[in-house]
Amino acid sequence: MRNTSIKFLAMCLMGCLIPFMDMQAQNEVQQQIKEAANRLTFRSIGPALMGGRIADIAVSPHDQSTWYVAAGSGNLWKTTNSGVTWTPVFDDQVSYSIGCVTVDPNRPEVVWVGTGENVSGRHVGWGDGVYKSLDGGRTWKNMGLSKSEHIGKILIDPRDSDVVLVAAEGPLWSDGGHRGVYRSTDGGETWSLVLGIDEHTGVTDLEFAPDNPDILFAAAYQRRRHTWSLLAGGPQSGIYKSADNGGSWRQVTAGLPAGDKGKIGLAVTPANPNIVYATIEASSSERGFYRSVDRGEHWEKRNGYISGGTGPHYYQEIEASPVNPDLVYQMDVFLHVTRDGGKTFDYLETGRDKHSDNHALWIDPANGQHLLVGTDAGLFESFDEGTRWRHFPNLPISQFYKLGLDNTEPFYNIVGGAQDLGTLIGPSRTLNAEGIRNRDWYVPLGADGYGSVFDPKDPNIAYMEYQQGYLFRYDRKNHEVINIQPVAGPDEVPERWNWDSPILISPHNHQRIYFGSQRLWKSDNRGDTWEPVSADLTTNTNRYELELMGRVWSTDALYDNGAMSKYATLTAISESPLVEGLLYTGSDDGLIHVSETGGEHWRMAGPLPKVPERSFINHMEASLHDEATVFAVADAHKFGDYSPYLFMSTDRGITWASIAGDLPEGTIVWVIKQDHENENLLFIGTEYGIFFSINRGENWIKLGGGVPTIPFRDLELHTRDHDLVGATFGRGFYVLDDYSALRTLSEAVEQAEATTFPVRDAWWYIPNVPMQAKGMPTLGSDSYVADNPAFGAMITYYLPEVPQTSKAIRQ
């Protein structure tokens, strides 16, 4: 009996230990796969010819050749030679989105960064607080305020560098978090909330009085954004003043708008420390440019002008001349200037010599003619106060939403839609010895670029669009661009287009394209004619009937919807490559629909488990291997929920199961792709990089080789070359050359033997050498070039005397 009991106990223990041992072995295998995968390195291919959005500029007061440039969603860049060359200095931190950068006026090697861009756009990234570097950006320490998500400004007391004040806007998509003015007296080790207003209101701007740092001014900002609307102001916005170095605050109101206010920009000038300027978003009768001549106690409206374009929230910053008290510049679509203290405004520039959409300005304190301006297309410099401009085409910080690949030989091309840079086309690699140069890219379509695809059988035809569903067909042979957007009939309701309307070329007919408004459109002749193949596939909700900040607001409130998507629109389309006419759509209000009859009949798919109502459907992807399997990506970050919502259905959308697996919390997913050879190999583009799974979502491993902290908004797999190409929102395109080893990586690790993975056939050619010699020395150090593959994908012979054209053959 005693032996029987011992055997029973032993069996029980083994029953408990075996699953634990299996799990431990599985974790070891996953770790080995991760280590092996990290040896695969992505290749950054730019482009840099158009830059990307700049959020802030800081120039060292001790060395004016040292600049720090904060890219809105492309990390922080440093130059020590006035922009001839640049180095990214924030790539391995948790956050990629930057709101502001400040150099300590007393210790130039001390640099502060506020993460989370300080605009309220639909595309904006968020941060995790304030960072500090003691060595000019080589190393960083997170100093707290992790729940601020968006930082407007950081001030350092010029008398005592341990006294630091932070303007924290707080979360855009939800209430709470770190909001208001925070003050530290120990160099950021601890913080005190010295100006807190409520759970919806933060602070967007902060200024010292130029002659007395005990006096400060703060601009409070109440705002909230969800998918359907941006409420860009409220009753709690206003201007506050402190007389004790930020220890206490009081609101100043005399002469300021009495109604709701939106974003406020502040400026002061050492030329007259009594003057304070404010540009104030408010009602049509109260908004405008205000001035105080008694240190903010009383105000006078000088002009009705405020920033416009995409909306005041996107600009609405002002900078005053340090030597002329009447000279003030305002950020806007085009830079504006007043030379009489706000009484009149005029354009400083109109986009002839520089890009529009201005966000940051630095004025040389020793030479007011010398300006640095940050725009949606990078950095510009002027030495004649804006009459002429120089662009810096060596910052690869473009923000791409979508991409497409063609099948050109020897090397495929990429088409991508970028934020405010239009649609760009360029090569994945080149036949020259340098790599991919700025001149290898071109821009066939302007505005904001979005969905972009090549005809899979005719690489000379590409489809591209800009915001609000304006769809074009581009012919690369003659550069003809034709508008092919579908139009509602005379008796039909108007089409509602998403800012990024979804487009799909049918895998069954390369001349058939699908395009989504609130309904699905189909063309069988490349967009020459269209027919709708569905009714409304959304909730058809009126945006003004939905809540913001806990209630439904009047339509007269400070909505900033002029540059927003329509609401209740389609955002994703997929067709099964195995079953013609098996269609899936997703919408920005959380619905998925399925048609098994080419659009003749539709049904609503089953609900995605535990996904918040009205979540955005980022992507739908029908399986390449099983006609009943489909993948869905949902996104609730516009409600303040950053969870990864990733699903698979094996019954055509009737039921769904999560395949988020062990993805890190706080990692929203943008796109999913399935390998065309191994049905278990999946790739996802997320807010913080690219992940792959070898077991259909049970476990996920990050592909981090050569990639900074950056979001990947879109991915494509090139089936001929076995390349993975990613579109980042802030660092251009990245290519993982020949990812095929990932298909059998698991088996190789489990066998615990040295493995030689197969490689694709190489192109054998003689690279040409442009610009006389390798390195293009004639163009100087600021000439940007991205690398061609540096390993056995090609056999090369560098012969400078060969003709400047090359032919390639497969070997």
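Residues numbered from 1 in each chain as written. Predicted model: local features only at pLDDT ≥ 70, side-chain atom pairs only at ≥ 80, totals over all residues. Heavy atoms only, no water.

## Brief notes about the overall build of the chain
Then, in step 1: Scanning the chain from N- to C-terminus turns up 2 helices and 63 strands.
Then, in step 2: The C-alpha radius of gyration computed for the chain amounts to 28 Å, which stays within 12% of the reference 28 Å derived for 811 residues, consistent with globular compactness.
Then, in step 3: Considering only contacts in the chain between residues 6 or more positions apart, those separated by 24 or more positions represent 56%.
Then, in step 4: Accessible area for the chain stands at about 30100 Å²; split by element, carbon and sulfur atoms hold 50% of it. (Helix = DSSP H or I, 4+ residues; strand = E, 2+ residues; numbered from the N terminus. Rg over C-alpha atoms; globule rule 2.2 N^0.38 Å. Contact = heavy atoms within 4.5 Å. Areas by Shrake-Rupley, 256 points an atom, 1.4 Å probe, with all protein chains shown as cover.)

## Some details on the packing of aromatic side chains
Then, in step 1: Counted under the stated rule, the structure contains 29 aromatic pairs.
Then, in step 2: Centre to centre, the rings of F411 and Y765 are 5.9 Å apart; their planes meet at 65 degrees, and the pair counts as edge-to-face. Placement of the pair is F411 in the loop between β32 (400–405) and β33 (413–418) and Y765 in strand β60 (residues 763–765), with a sequence separation of 354 residues. Per residue, the accessibility class of F411 equals that of Y765, and both read buried. (Phe/Tyr/Trp six-rings, centres within 6.5 Å; stacked < 30°, edge-to-face > 60°. Buried < 20%, exposed > 50% of the residue type's maximum accessible area, 1.4 Å probe, protein only.)

## Brief notes about the sheet that holds strand β14 (residues 201–209)
Then, in step 1: Taken in spatial order, the 4 strands line up as β14-β15-β18-β19 in an open sheet, and their pairing is antiparallel. The open sheet has two free edges, formed respectively by β14 and β19 (250–252), since each of these has just one partner strand. Between one strand and the next, the sheet's axes are offset by a mean angle of 35 degrees, whatever the strand orientation.
Then, in step 2: Direction of pairing for β14 relative to strand β15 (residues 212–222): antiparallel, over a ladder of 8 bridges. Opposite A209, over in β15, you have N212 as the bridge partner. (Pairing = 2+ DSSP bridges. Axes fitted to C-alpha atoms, helices over the stretch in contact; angles between N-to-C directions.)

## Examining the nonpolar core
A general feature of soluble globular proteins is that nonpolar side chains tend to end up buried together.
Then, in step 1: Judged by nonpolar contacts, the single largest core of 47 residues is most densely connected at F683, F692, L703, L724 and L742.
Then, in step 2: Counting residues in hydrophobic clusters, the runner-up holds 20 residues, among them L421, W441, V735 and A786. (Core = buried A, V, L, I, M, F, W, Y, C linked by side-chain atoms within 4.5 Å.)

## Describing the pairing of strand β42 (residues 513–516)
Then, in step 1: The alternating pattern of β42 places I513 and F515 on one face and Y514 and G516 on the opposite face, and all of these are buried.
Then, in step 2: Pairing analysis gives 3 bridges linking strand β41 (residues 503–505) to β42, with the strands arranged antiparallel. Across the sheet, the residue bridging to L504 is Y514, located in β42.
Then, in step 3: Alignment of β42 against strand β43 (residues 520–523), held across 4 bridges, turns out to be antiparallel. Looking at the pairing, F515 lines up with W521 of β43.
Then, in step 4: Counting the residues in the hairpin turn of β42 and β43 gives 3 residues.

## A look at the pattern of salt bridges
Then, in step 1: All chains considered together, the criterion is met by 40 salt bridges.
Then, in step 2: Across the pair K241 and E297 runs a salt bridge, and its minimum N-O distance is 2.7 Å. Taken together, the residues span a long stretch of sequence, with K241 in strand β18 (residues 238–242) and E297 in the loop between β22 (288–292) and β23 (300–303) at a distance of 56 residues.
Then, in step 3: The class of E297 is partly exposed, set by a relative accessible area of 23%. (Salt bridge = Lys/Arg side-chain N within 4 Å of Asp/Glu carboxyl O.)

## Here we look at the pairing of strand β47 (residues 592–595)
Then, in step 1: Side chains of β47 alternate between two faces, with I592 and V594 and H593 and S595 buried alike.
Then, in step 2: Of the strand pairs in this sheet, strand β46 (residues 583–587) and β47 are connected by 4 bridges, and their pairing is antiparallel. Directly across from G586, in β47, lies its bridge partner I592.
Then, in step 3: Where β46 hands over to β47, the hairpin turn is made up of 4 residues, of which G590 adopts a positive phi near 95 degrees.
Then, in step 4: Here β47 pairs with strand β48 (residues 603–604) via 2 bridges, running antiparallel.

## Focus: the confidence of the model for the chain
Then, in step 1: For the chain, the mean per-residue pLDDT works out to 94, and 94% of the residues sit at or above 70.
Then, in step 2: Predicted confidence for residues 792–805 stays below pLDDT 50, and this span has 32 contacts to residues more than four positions away or in other chains. (pLDDT = per-residue confidence, 0-100.)

## Side note on unusual backbone geometry
Then, in step 1: For the bond from G46 to P47, the omega torsion is 5 degrees, close enough to zero to count as cis.
Then, in step 2: For P47, the location among the structural elements is in the loop between β1 (43–44) and β2 (54–59).
Then, in step 3: Omega for the peptide link from E409 to P410 comes to 5 degrees, which places this bond in the cis form.
Then, in step 4: Within the secondary structure, P410 sits in the loop between β32 and β33.

## Some details on empty space enclosed by the protein
Where empty space is left in the structure can be found by rolling a water-sized probe over the atoms.
Then, in step 1: According to the stated counting rule, one finds 2 cavities of 30 Å³ or more in the structure shown.
Then, in step 2: Considered as a void within the structure, the second largest cavity measures approximately 30 Å³ in volume.
Then, in step 3: Classifying every residue of the lining of the second largest cavity by side-chain character gives 4 nonpolar, 3 polar and 3 charged. (1 Å grid on protein atoms, 1.4 Å probe; cavity = no way out; pocket = protein on both sides within 12 Å on 5 of 7 lines; lining within 4 Å. Points joined across faces, edges and corners; volume = space filled by probe spheres on them. Nonpolar A, V, L, I, M, F, W, Y, C, P; charged D, E, K, R; others polar.)

## Describing the environment of V69
Then, in step 1: With respect to the element layout, V69 can be found in strand β3 (residues 67–71).
Then, in step 2: Judged by relative accessible area, V69 falls into the buried class, the value being 1%.
Then, in step 3: In this structure, the C-alpha to C-alpha distance between V69 and A360, residues 291 residues apart in sequence, is 9.7 Å.
Then, in step 4: Those residues in contact with V69 that sit more than four places away from it in its chain are I54, D56, N75, L76, W77, W86 and L379.

## Things to note about the side chain of E385
Then, in step 1: Here E385 is to be found in the loop between β30 (378–382) and β31 (390–391).
Then, in step 2: At 2.5 Å, the side chain of E385 forms a polar contact with the side chain of Y329.
Then, in step 3: In contact with E385, other than residues within four places in its own chain, are L327, Y329, R339, L348, G368, Q369 and L371. (Polar contact = N/O pair within 3.5 Å; in protein donor to acceptor, adjacent residues only side chain to side chain.)

## Observations regarding the sheet that holds strand β52 (residues 657–658)
Then, in step 1: Pairing is antiparallel across the open sheet formed by 4 strands, whose spatial order is β49-β50-β51-β52. The strands lining the two open edges of the sheet, one partner per strand, are β49 (616–622) and β52.

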